[in-house]
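Examination of the molecular architecture
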Amino acid sequence: MVRVVVKVPASPLETALACFDGIVDGRQAWEFDLDEALALRSVYAYLAEEGRLGQEALAQLAAIDAFWRAHPQAFDAAFAYEHAMPARERLAGFATDEEGNPAVPPPSHWWWRPSGQW
């Protein structure tokens with residue numbers, strides 16, 4: 001079981017995920033805002049799996065996912081650094097496994113892969 005170790009607001013749009021559509025502007029325009037976006041997306045996925053998100057948050061996540069999937073080239077360019085990170089480092093400081101180590105994102109967290117691997 002994965003344990004979320006970071007406190008997040010009820011709305012994903014009150015986090016770095018608010019810049020989800022910034023991927024089309026290029027990474028340099030949103031460098032710091034995008035740094036945590038994929039880890040936060042995983043945090044919200046874990047919270048959703050636990051039934052801890054409201055309908056509004058789920059709808060926001062669906063809109064983020066749809067936008068990213070509709071812009072695969074921009075997505076790949078924006079998150080190339082994160083996609084190259086070792087799996088064990090991706091969720092450090094955000095979620096842990098049963099042993100207290102950083103969780104490894106499961107295959108269902110497609111955003112950790114380039115678009116050609118969705």
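For the structure, see preceding data.
First, a word on scope: everything that follows refers to the structure included in this document. (Residues numbered from 1 in each chain as written. Predicted model: local features only at pLDDT ≥ 70, side-chain atom pairs only at ≥ 80, totals over all residues. Heavy atoms only, no water.)

Some details on the overall build of the protein
Looking only at helices and strands, the protein features five helices and two strands. Taken from the N to the C terminus, the helices and strands of the protein come in the order β-α-α-α-α-α-β. The principal-axis extents of the C-alpha atoms in the protein amount to approximately 35 × 30 × 25 Å. Across the 118 residues in the protein, those meeting the buried criterion constitute 44%. Long-range pairs, those at least 24 residues apart, make up 71% of the contacts in the protein with a sequence separation of at least 6. (Helix = DSSP H or I, 4+ residues; strand = E, 2+ residues; numbered from the N terminus. Buried < 20%, exposed > 50% of the residue type's maximum accessible area, 1.4 Å probe, protein only. Contact = heavy atoms within 4.5 Å.)

Quick word on helix α3 (residues 55-70)
An ideal rise of 1.5 Å per residue puts 22 Å on 16 residues; α3 measures up with 22 Å between its terminal C-alpha atoms. Every buried residue belonging to α3 is among Ala57, Gln60, Leu61, Ile64, Asp65 and Trp68, and all of these are buried. In an axial view of α3, the angular spread of the buried residues amounts to 135 degrees, which keeps them on one side of the axis. For α3, exposure combined with an orientation more than 90 degrees from the buried face picks out Gln55, Glu56 and Ala70. (Expected span 1.5 Å × (residues − 1). Arc of directions from axis to C-beta.)

Overview of helix α2 (residues 37-49)
For α2, spanning 13 residues, the distance from its first C-alpha to its last is 18 Å, which sits close to the expected 18 Å at 1.5 Å a residue. Of all the 13 residues making up α2, 11 are buried; the element is thus mostly covered by neighbouring parts of the structure. All buried positions along α2 are accounted for by Ala37, Leu38, Ala39, Leu40, Arg41, Ser42, Val43, Tyr44, Ala45, Tyr46 and Leu47.

Examining the pattern of salt bridges
The tally for this structure, following the rule as stated, stands at three salt bridges. A salt bridge links Asp97 to Arg88; the nearest nitrogen and oxygen atoms lie 3.2 Å apart. (Salt bridge = Lys/Arg side-chain N within 4 Å of Asp/Glu carboxyl O.)

Here's the deal with the packing of α2 against α3
For any two helices packed against each other, the geometry comes down to the angle between their axes and how far apart the axes lie. Contact pair α2 / α3: the axes reach a minimum separation of 11 Å and the direction vectors enclose 135 degrees. By the angle between their axes, α2 is oblique relative to α3. As α2 runs across α3, the sense of the crossing is left-handed. Where α2 abuts α3, its residues Leu38, Arg41, Tyr44 and Ala48 lie against Leu58, Leu61, Asp65 and Trp68. Residue classes in the contact of α2 with α3 are distributed as six nonpolar, no polar and two charged. (Axes fitted to C-alpha atoms, helices over the stretch in contact; angles between N-to-C directions. Parallel < 35°, antiparallel > 145°, perpendicular 65-115°, else oblique. Left-handed = near helix turned anticlockwise from the far one by under 90°. Nonpolar A, V, L, I, M, F, W, Y, C, P; charged D, E, K, R; others polar.)

A look at the nonpolar core
Core analysis: the largest hydrophobic core is formed by 32 residues, its most contacted members being Leu17, Ile23, Trp68, Phe75, Phe79 and Trp111. Among the secondary structure elements, those contributing two or more residues to this core are α2, α3 and α4 (72-78). Per-element tally for this core: the top contributor is α2, with nine residues. If we ignore the near neighbours within four places in the chain, the residues touching Phe75 are Ile23, Leu38, Trp68, His83, Trp110, Trp111, Arg113 and Trp118. (Core = buried A, V, L, I, M, F, W, Y, C linked by side-chain atoms within 4.5 Å.)

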